[in-house]
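Residue-level structural notes
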Amino acid sequence: MHEVTVTVVDREGQSHTLTGPTDMNMNLMELCRAYELPVLGECGGMAMCATCQVYLESNTILPEQSDAELDMLDQAFFVKTNSRLGCQIQLNDSLQGACFRLAPESL
Ligand code: FES
């Protein structure tokens, strides 16, 4: 099985090391939920709720944001220049070593 390991800092400032498969079409929101981090993923990964918002804290190059992601972040709270929707970040090898921080809850 192919796996990738990332770091996610929760809202209390605690770091978690998460490892997930790169060959199961899984995204970062789903990985956080699998580790029982407090990520709602309310819309199920449709880029329609922003409850999966994270801040990218490493120099990792992520794929360009889709229009749907940009539109959602336009309406979300606590958005910063490094905001991304976790559900739009597919787990793949390029994420190895990436670090994300959970954005504050917006609901
Ligand atoms: S889970 Fe709703 S926007 Fe990501």
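Residues numbered from 1 in each chain as written. Predicted model: local features only at pLDDT ≥ 70, side-chain atom pairs only at ≥ 80, totals over all residues.

**Observations concerning the overall build of the chain**
A count of helices and strands for the chain gives 2 helices and 5 strands. Reading the secondary structure of the chain in the N-to-C direction produces β-β-α-β-α-β-β. Relative to a compact globule of 107 residues, whose C-alpha radius of gyration would be 13 Å, the chain shows 12 Å and is just as compact. Taken along the three principal axes of its C-alpha coordinates, the chain extends 35 × 30 × 25 Å. Classification of the 107 residues of the chain by burial places 26% in the buried group. Residue pairs in contact within the chain that sit at least 24 positions apart in sequence constitute 62% of those at least 6 positions apart. (Helix = DSSP H or I, 4+ residues; strand = E, 2+ residues; numbered from the N terminus. Rg over C-alpha atoms; globule rule 2.2 N^0.38 Å. Buried ≥ 20, exposed ≤ 12 C-beta atoms within 10 Å, placed from the backbone. Contact = placed C-beta atoms within 7 Å.)

**A closer look at the sheet that holds strand 2 (residues 15–21)**
In a beta sheet, neighbouring strands pair by backbone hydrogen bonds and run either parallel or antiparallel. Across the sheet, which stays open at both edges, the 5 strands sit in the order 2-1-5-3-4 with mixed pairing between neighbours. Each of the sheet's edge strands pairs with one partner strand only, and the pair in question is strand 2 and strand 4 (83–85). Averaged over all adjacent pairs, the angle separating strand axes in this sheet is 40 degrees, with direction ignored. Note that strand 3 (residues 53–56) and strand 4 share 3 bridges and pair antiparallel. Counterpart to valine 54 in the pairing with strand 4 is arginine 84. (Pairing = 2+ DSSP bridges. Axes fitted to C-alpha atoms, helices over the stretch in contact; angles between N-to-C directions.)

**Quick look at the pairing of strand 5 (residues 99–102)**
Within a regular strand, the side chains alternate between the two sheet faces. Here strand 5 shows a clear split, with Phe100 and Leu102 buried on one side and none of Cys99 and Arg101 buried on the other. In the sheet, strand 1 (residues 3–9) pairs with strand 5 via 3 bridges, with the strands oriented parallel. Across the sheet, valine 9 pairs through a bridge with arginine 101, a residue of strand 5. By the bridge criterion, 3 bridges tie strand 3 to strand 5 in an arrangement that is antiparallel. Bridge assignment links valine 54 to a residue of strand 5, and that residue is leucine 102.

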